[in-house]
Structure formats: C-alpha cells, structure tokens
Number of protein chains: 2
Amino acid sequence: MNRRPHIAALGGGTGLSSLLRGLKRRSLDITAIVTVADDGGSSGRLRRELGVLPPGDIRNCLVALAEDESLMGRLFQHRFEGGDLTGHSFGNLFLAALTDLTGNFDLAIQECSRVLKIRGSVLPSTLAQISLWAERADGSRICGESAITSGDGPCRRVWLEPEPVAHPPSLEAIADADLVLLGPGSLFTSVLPHLAVPELVDAIAGARGVRAYVCNVMTQPGETDGFDAVAHLERVMEASRGAVDKIVVHEGPLDPVAAAAYAAQGQEPVVADHARLQALGVTVIARDLAEEGRMVRHSPEALARVLTELVADSVAPRPVR
Amino acid sequence: MNRRPHIAALGGGTGLSSLLRGLKRRSLDITAIVTVADDGGSSGRLRRELGVLPPGDIRNCLVALAEDESLMGRLFQHRFEGGDLTGHSFGNLFLAALTDLTGNFDLAIQECSRVLKIRGSVLPSTLAQISLWAERADGSRICGESAITSGDGPCRRVWLEPEPVAHPPSLEAIADADLVLLGPGSLFTSVLPHLAVPELVDAIAGARGVRAYVCNVMTQPGETDGFDAVAHLERVMEASRGAVDKIVVHEGPLDPVAAAAYAAQGQEPVVADHARLQALGVTVIARDLAEEGRMVRHSPEALARVLTELVADSVAPRPVR
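Residues numbered from 1 in each chain as written. Chains lettered and ligands numbered in written order. Predicted model: local features only at pLDDT ≥ 70, side-chain atom pairs only at ≥ 80, totals over all residues. Heavy atoms only, no water.

Moving on: the interface of chain B and chain A. Counting residues at the interface gives 30 residues for chain B, matched by 30 residues for chain A. Carbon and sulfur atoms make up 72% of the surface buried where chain B meets chain A, a total of about 2500 Å² over both sides. The largest per-residue losses of area from chain B upon contact with chain A belong to B:Leu71, B:Asp84 and B:Leu101, which jointly make up 21% of the total buried on that side. Summed over the shared surface of chain B and chain A, the number is two salt bridges. B:Arg45 is the partner of A:Asp84 in a salt bridge, and the nearest nitrogen-oxygen pair spans 3.5 Å. Seen at the junction of chain B and chain A, the total is five residue pairs in polar contact (both at pLDDT 80 or more). Elements that contribute at least two residues to the side of chain B that touches chain A include exactly α2 (41–50), α4 (71–77), α5 (90–102) and α6 (105–116) of chain B. Per element, the largest residue contribution to the side of chain B that touches chain A is nine residues, and it comes from α5(B). Taken together, the residues of the side of chain B that touches chain A sort by class into 16 nonpolar, five polar and nine charged. (Contact = heavy atoms within 4.5 Å. Buried area = accessible area lost by both parts, 1.4 Å probe. Salt bridge = Lys/Arg side-chain N within 4 Å of Asp/Glu carboxyl O. Polar contact = N/O pair within 3.5 Å; in protein donor to acceptor, adjacent residues only side chain to side chain. Helix = DSSP H or I, 4+ residues; strand = E, 2+ residues; numbered from the N terminus. Nonpolar A, V, L, I, M, F, W, Y, C, P; charged D, E, K, R; others polar.)

Structure below.
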C-alpha cells in the first residue's frame, strides 16, 4: 500500500495537542477531531459575545500541527494583556473573525490551517452550538465544561444538549483511518463528549482501523477522582458500545516531588490493572509515557513512539474478535 | 533605465488608500508612508490599552495594496460587533498582536504585508509614540487627531509632541522615488503631520524625484473650512520649506445633489485659482478626479491616470528652478 498510514485522533485541547506535536514529524496523515463544548475563558467569551463556536481547543491543535516556533504559531498563542482584550489569544480572535466574516467555522479552520502551514487536518466534531452536561456520582447535574471541571467529585456520565449531528468530514476521517485514537485528555470533557454524538459512535463502531484509547497518567479532580484505568475504560466502552480494541497506559516511575504536588491538589496516578483491563476485551499497551519534569503529563515523543508502533500493527485489517 | 518608476506616497488612511488602490495595478514600485498620529476608535483603544502604535491607517493602506477581494483582505477590514471586541477591526488586532509579541511595529507590518500578499510597501513615518497638536485660526490649541477633526473652524498649523525621528526606511523610500506624493488626504491630520517630522522635510527637500501635492476635492470641517487650493498649498509649502513642484487639483463638475449634501455639513468644493497657484512656483495639473456617485472623493482610477502621467514626466531629472 502506497499511502501513508491515516490516524484520526479524537480529543480536546491540551492532551490532543501533545499527541499531535509528537506525531506531526512522522510520516503519517493525521486528522485531529476536536470537541467544541468549551465555555470558559476567551473561548467562552467569544462564544457568548459573537455566537461563534469556541475556538480555543481547535487553535491549540492547529498550533500543535504548525511548524515549530513559527512566528504565526507563536502569534496564534499570544494572549493580549491590557484593556478589553485581556485574556484573548490572537488565534481565537483569528478563528472568531473568520467565522464571523464567512459564517463558516470549517472554512475558518481551513484558512488558519493554510496560514499556519499545518501538517494534517483539524476538524470540529460537530458544527452545532452545544452545551455539555454532566451527572456527578452523587446524582447532581451540572451544565458547562468549565463548571464541570471546577466542581467536586467524580462524574458518572456526560451528554450534549441539543444532541448534535456530526461534522461529516469527521465521520469520513474515522472511516478512512488505520488507527482511531480516543484521548489522551480529560475523560468527561474531552473524550466522552465525542461519544455523546451518536454518529461519531457509529463511525467508531464501524471503523476498519484499530481503535485505541489513550488513558491519562493522572486522575483529574472534578472528573475522575479515584478512577483507575479500568474505571476510565469502562466509561469509554459504555459510551462507544464497546468500540475499543486497545488501551495505552502509562507504566513507569513518576517524579516523587511532582507526584506529591499533584497529591496536594487531589490528583493521583491512574493505576492500571492489566488483567482486569484485558478482561474487558482490550489489548493493554503499557509504556513509560510521562514527560520528564515537574508536571506529570504525556511526553509527545513517547506517545508518538507507541502510536507509531500501534499504527504499524494496525495497517493490516483488524481481526474479528 | 530598467527599473520600474518608484513612487513614495505620504498620507493617512482614506485618501492614501484610494490612491494606492488605483496605482497598485500599474507597473510601479509603490511605498506608502503613513502617519501614526491617530488616536480615535479602535486604533486609539489599542494605542491606550496595549501601548502599540495606532494600526488603523496602516491597515487601510495594506488592504488597499492587497489582492482585490481576497479573503484575508476582507478579514483585515472586518469589524467585530458584540461584547468587548465591538468596533475593533481584525486587521488592527493582527497588527497589534504582532507588535505586542515581537515588540517591533515594522516587523508586524512586514508580516501582514506577506500574509496579504501586497504589491508595494507600507511604512510608518516614524516608530515613535507621538501626539498631534493643532493651533486653530482663533489661536486655541488642541491635542489629538480625533479632537482636531471633531472641532470647529480651520486650523493654522500642527506639530508633534515629542518631535520624532523618522523611520529610516521612509527616508530611503523618499530619496529613491521618481515621484514623491503628498496627499490626497486631510491636510492637517494626514499630510502636514509628515511635514512635522524634520527629517522627512529634509528628505523631501533633498529628493531627486518630482514632489507633487494632491489637493483634496472638498474642504473639511474643523480643518480647512473656507480654504481654497492656494490656502492648502501655502500650508504645505510653508511646512516643507517650499519643496513642492506640482499641485494636482480637481477640475470638473460635481454631482449637485452630493454637493448640496456636503454643503449642509459645512463642506464645499476646493476652488483652484491656477494663476495664484502658479505664482507660488508650482505647475498646476487640473483633471476631473472625482468619483462618480453621491460621495465626492477622488476616483482611484482617475488619480492613477494623472499620477502615471506625472511619473512618466518625472523619471527624467527635475530641472533646477
């Protein structure tokens, strides 16, 4: 086969952009499919004031796929400080202005892709204005990504209102992918919102490529307090009707000073019980994925290595389980 | 001589951009040299809140030299409506963000020139933060471009505080030009501010190219009430130490409905007494320069025609007077 392996990676802002940063230098055709449920910060203001879709997560992914250290990439991430513009990043304003002008968020992303000369594509999961709702473990319900992440205790499930149709190119990218990735990223606010779009679930369930879930390294307060990898995977399996073939988990030492700092904020390492994960019907791929340093997060390079392995395995058709 | 004729055009926002729009399709090398004294609207807010130079006039000239109807050109002129961003044009934010990021207004203009694929160059007359002051005919003094243009009665003179040094590339463009244009544009807020920069006056006085002043078609309330072409030229001659070789004036019918509407706002046609203009030592070039329609302003095409004539005459060295 002559074509480069295709990857469709579904996620939100930070986790997905780490992944993209690592993958973009490989010989791969990458499509990032990004949630549009953000309602905080600059994105939230633009959403409320201009009626555009929240641009922040899209912007982070565009910049991750842009040439390193390019002036335009740095400009996209530049935040204004002073007066009414305080807190807005320029890239958000670029996407918002283009959407405002053309009435077309998708075209705005394409034009920014061109200006940033990105490798790959970035697509919103849907073009609909939606609200993310969560039900917490205690049964209470809460609306809005920023309210969810700033709340207390783990979530049980999330859904979107109104229930949106998917952006068709996202469905095509999934159908076309040799490897479909869910995550890394916040379970309830970056991964599961995709699985709250019924057509995306259908597309993932019917995908010919291998479907892998990249589990977070640390739990996240207000979302996954106390969750081990099984608890993460169970939510993904449930929301995707079991459409996960492999789980990628971190295995390795964590910097003890960083771990203590995280613990003080109520975050702990996500423990992966391989036997119980396998019992859910998935292949477990455990690697040292943590970035060196005081922040415990995925290393773009380590992620890229394991995913390149995965994609090499997955260009052959997936065996029927 | 193999090189295309070089034009250096000094002005402000609207008049200068009409000129550029007409000239850009000709085989000419155009440098627009733009005042940076604006303190109103979006430019004024960015200047106060971010400490950048006012981008509005520069933006108008960049867009005038961009490909017609290009998406980026339209985006640069797009104004936000909604929330804190109301009134800001995207191009102003682009220039402001780049300046904020790089600390270099000139580099910001160059990057925007690249993104807009402009024909020619746009330069600020100075990189200094300056205030424009005016003395009115009644002897009162007033600070700020927007205060000047919204005041009553004609001005007598303007100056800049602090007195700035010129942006060196602007000096080079003038030295290199076959034709140096002053105007069209507001006499006291777009043309004379250039002549309040001593180095620019020296450059114009010492230029090897022909120096032409393009006089406005209508008087402007708060600036040139009651001024005929001689009154306009006298101010320019005075401020430039007599460095004007030719004056371009409008001659032809004005739409009577438009003229009446202008009269109601205190604006009247600028009368050109050729004999008295010639007595000031300049060649008078009178043409029908008005755009057809209900607004009396320079037609980019008619301006381009007469200036192309002028430049053809002026590629030969200027005779010593």
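That was the structure; now back to the text.
Looking now at the domain arrangement of chain A. By a widespread convention, an interface's size corresponds to the accessible area lost as its parts come together. Residues and elements named next belong to chain A. Along its sequence, chain A is carved into domain 1 (1–35 + 166–321) and domain 2 (39–124). Its C-alpha centre places domain 1 at a distance of 24 Å from the equivalent point of domain 2. In this complex, domain 1 contributes 20 residues to the contact, which on the side of domain 2 involves 17 residues. Buried area between domain 1 and domain 2, both sides added, is near 1500 Å², and the carbon and sulfur share of it is 54%. It is Lys24, Val34 and His167 in domain 1 that bury the most area against domain 2; as a group they hold 38% of the surface buried on that side. Summed over the shared surface of domain 1 and domain 2, the result is two salt bridges. Taking the shortest distance from any N to any O, the salt bridge between Arg25 and Asp68 comes out at 2.6 Å. Our count for the contact surface shared by domain 1 and domain 2 stands at eleven residue pairs in polar contact (both at pLDDT 80 or more). Elements supplying a minimum of two residues to the side of domain 1 that touches domain 2: α1 (14–23), β2 (29–34) and α8 (168–176). (Domains from an automatic or database assignment.)

Let's shift gears to the pattern of salt bridges. Residue and element names in this part refer to chain A. Scanning the entire structure with this criterion turns up 34 salt bridges over all chains. A salt bridge links Asp202 to Arg241; the nearest nitrogen and oxygen atoms lie 3.1 Å apart. Placement of Asp202 in helix α10 (residues 198–205) and of Arg241 in the loop between α11 (229–239) and β9 (246–250) is noted, with a sequence separation of 39 residues between them. Overlapping salt bridges, with partners in common, bring together Arg3, Asp176, Asp178 and Arg208 in one network.

Next up on the list: the packing of aromatic side chains. All chains considered together, the criterion is met by 14 aromatic pairs over all chains. The interplanar angle of 85° and the centroid separation of 6.1 Å between the aromatic rings of B:Phe76 and B:Phe90 together place this pair among those described as edge-to-face. Residue B:Phe76 is located in helix α4, and its partner B:Phe90 is located in helix α5; the two are separated by 14 residues in the primary sequence. By relative accessible area, which is 0% here, B:Phe76 ends up buried. Put simply, the rings of A:Phe76, A:Phe90, A:Phe94, B:Phe76, B:Phe90 and B:Phe94 touch in pairs and so form one group of aromatic residues. (Phe/Tyr/Trp six-rings, centres within 6.5 Å; stacked < 30°, edge-to-face > 60°. Buried < 20%, exposed > 50% of the residue type's maximum accessible area, 1.4 Å probe, protein only.)

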